[in-house]
Amino acid sequence: LTHTGRPDQAIGYVAWPTNDLYTNTRGMREVTLLAEVMRLRVLDELRERQGVSYSPNASSYASIVFPGYGYISATVETPPDKVDGFFAAVSKIAAELRTGPVTADELDRARKPLMEGLQRQRQTNEYWLSALGGADRDPRRLDLIRSLFGTLDAITPADIQRAAQAYLRDEKSWRLIVRPAPT
């Protein structure tokens with residue numbers, strides 16, 4: 001796609017399909033931590049090593065409404081001539097995550113801030129309104145709340161590698177580039 005904004009900016013986006021949250025709750029929580037590990041690696045590579053973007057990101061989503069719908073993604077806003085480098089870096093990171101387990105330290109650096117953020121959120125009414133919304137119609141929502149911290153805490157480096165092998169497959173990736181429109 002093209003845009004008519006600043007000519008020195010482009011966006012790169014890559015996503016892989018995953019699953020909904022209810023089909024395999026533990027598996028999708030593994031994907032959540034996988035996305036956090038990927039986010040750390042993307043930040044390290046694209047911001048620290050290459051200096052091509054200040055805020056590259058990776059994240060995941062697992063639907064609680066649509067069966068089978070979820071994804072893990074990585075994105076960057078960068079100069080147009082650096083977009084291909086983003087895709088190459090993310091592809092390399094995905095391959096590394098598939099072929100070898102993350103270290104325990106790396107998993108902790110991904111897990112700890114995630115769990116601390118969730119703990120802070122749980123202290124707000126906004127969190128509870130969202131988390132409990134619809135629980136009267138679907139009691140599985142209560143199980144999601146109850147199992148969250150125990151499940152996240154039990155995920156191992158081998159679990160992260162298995163999730164990467166299952167979902168971060170090159171042939172399943174979808175890419176988007178938004179470049180400046182020609183003038």
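Quick notes on the rules
Residues numbered from 1 in each chain as written. Predicted model: local features only at pLDDT ≥ 70, side-chain atom pairs only at ≥ 80, totals over all residues. Heavy atoms only, no water. Phe/Tyr/Trp six-rings, centres within 6.5 Å; stacked < 30°, edge-to-face > 60°. Helix = DSSP H or I, 4+ residues; strand = E, 2+ residues; numbered from the N terminus. Buried < 20%, exposed > 50% of the residue type's maximum accessible area, 1.4 Å probe, protein only. Core = buried A, V, L, I, M, F, W, Y, C linked by side-chain atoms within 4.5 Å. Contact = heavy atoms within 4.5 Å. Salt bridge = Lys/Arg side-chain N within 4 Å of Asp/Glu carboxyl O.

Chemist: A description of the packing of aromatic side chains should follow, citing residues and the corresponding values.
Modeler: Within this structure, the stated rule accounts for 6 aromatic pairs. Ring geometry for Tyr13 and Trp174: centres 6.1 Å apart, planes at 75 degrees, overall edge-to-face. Taken together, the residues Tyr13 in strand E2 (residues 10-17) and Trp174 in strand E5 (residues 174-180) connect sequence positions 161 residues apart. Owing to a relative accessible area of 22%, Tyr13 belongs among the partly exposed residues under this scheme. Among the residues examined, Trp174 registers a relative accessible area of 49% and is labelled partly exposed. Grouping aromatic residues by their ring pairs yields a cluster made of Tyr61, Tyr69 and Tyr71.

Chemist: So what's going on with the nonpolar core? Residues and values would help.
Modeler: Soluble, globular proteins show a tendency: their nonpolar side chains are buried together. If you look at the biggest cluster of nonpolar residues, it comprises 44 residues, and the most contacted ones within it are Trp16, Leu34, Met38, Phe86, Leu97, Leu152 and Leu168. Every element with two or more residues in this core is listed here: E2, helix H1 (25-49), strand E4 (70-78), helix H2 (83-99), helix H3 (104-121), helix H5 (140-154) and helix H6 (157-167). Beyond its immediate chain neighbours, meaning those up to four positions away, Met38 contacts Trp16, Ala58, Ala74, Ile93, Ala94, Leu97 and Leu168.

Chemist: Would you mind going over the pattern of salt bridges in detail, with residue names and values included?
Modeler: Per the counting criterion, the structure on display carries 19 salt bridges. Between Arg41 and Glu106 there is a salt bridge, and its shortest N-O distance comes to 2.7 Å. Residue Arg41 is found in helix H1, and its partner Glu106 is found in helix H3; the two are separated by 65 residues along the sequence. Of the two residues examined, Arg41 and Glu106, each falls in the buried class. Here the salt bridges share partners, and the residues they tie into one network are Arg26, Glu30, Asp159 and Arg162.

These figures come from the coordinates and say nothing about function on their own.
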